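Observations on chain architecture
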Amino acid sequence: MGSFDVMAVLPFVLIFGVFYFLIVRPQQQKMKKHQHMLTNLRRGDRVVTSGGLIGTISKIVSDSEVQLELADDIRVRQLRSMITDVLAKTDPIDTSSKGSQPSNATPVSPIVRKADSSKSKITRKSAANRPTGKAKV
């Protein structure tokens, strides 16, 4: 019987090793990172869907679905797996102080406008003084 030649199999082993480290392993790490991102989604996170929509998570419906708010009073249900990126994360909820603000937080005040700023003065030229776009001769 013939003997087994290791040198004949060595090129196939090297090709498989290069294939694994350049293609398979990085793809597995990318999938693991995406799965970790999906499991850590919270209400208030700003996300991008695979269709390119940008919205804020308004509700976690189930393990496979979330409710996104795309604009004021426009909400859609989205599969969790179709979320591709998280643009902004919300801070984790502090369980030690239930319902109260942390002591170092400053209360948020509403924006107050001056009464005169809403009524801006618009000066209009009279019809006789408006430029017509024609050069004077």
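Structure shown above.
Basis of the calculations
Residues numbered from 1 in each chain as written. Predicted model: local features only at pLDDT ≥ 70, side-chain atom pairs only at ≥ 80, totals over all residues. Heavy atoms only, no water. Helix = DSSP H or I, 4+ residues; strand = E, 2+ residues; numbered from the N terminus. Buried < 20%, exposed > 50% of the residue type's maximum accessible area, 1.4 Å probe, protein only. Contact = heavy atoms within 4.5 Å. Pairing = 2+ DSSP bridges. Axes fitted to C-alpha atoms, helices over the stretch in contact; angles between N-to-C directions. Expected span 1.5 Å × (residues − 1). Bend = angle between axes of the 7 residues up to and from the residue. Polar contact = N/O pair within 3.5 Å; in protein donor to acceptor, adjacent residues only side chain to side chain. Phe/Tyr/Trp six-rings, centres within 6.5 Å; stacked < 30°, edge-to-face > 60°.

Considerations on the overall build of the protein
Along its length, the protein carries one helix and five strands. Moving toward the C terminus, one meets the helices and strands of the protein in the order α-β-β-β-β-β. Looking at the 137 residues of the protein, the share that counts as buried comes to 11%. Residue pairs at least 24 apart in sequence account for 40% of intrachain contacts in the protein once pairs closer than 6 positions are excluded.

So, the sheet that holds strand E4 (residues 74-79)
Taken in spatial order, the five strands of this open sheet run E4-E3-E2-E1-E5, and their pairing is antiparallel. Each edge of the open sheet carries a strand with a single partner, namely E4 and strand E5 (83-88). Ignoring strand direction, the axes of neighbouring strands in this sheet form an average angle of 45°. In the sheet, strand E2 (residues 54-60) pairs with strand E3 (residues 65-71) via four bridges, with the strands oriented antiparallel. Along E3, the bridge assignment pairs Lys59 with Gln67.

Some points on helix H1 (residues 6-39)
Along an α-helix, residues three or four apart share an orientation, since each turn contains 3.6 residues. For H1, with 34 residues, the first-to-last C-alpha span of 46 Å sits near the 50 Å given by 1.5 Å per residue. The largest bend in H1 is about 45°, located at Tyr20. Backbone nitrogen of Met7 and a side-chain oxygen of the N-cap are separated by 3.4 Å at the start of H1; the cap is Asp5.

What about the packing of aromatic side chains?
Under the definition given, this model contains one aromatic pair. Look at Tyr20 and Phe21: their rings are 5.2 Å apart centre to centre, the planes differ by 85°, and that puts the pair in the edge-to-face class. Judged by its relative accessible area of 54%, Phe21 falls in the exposed class.

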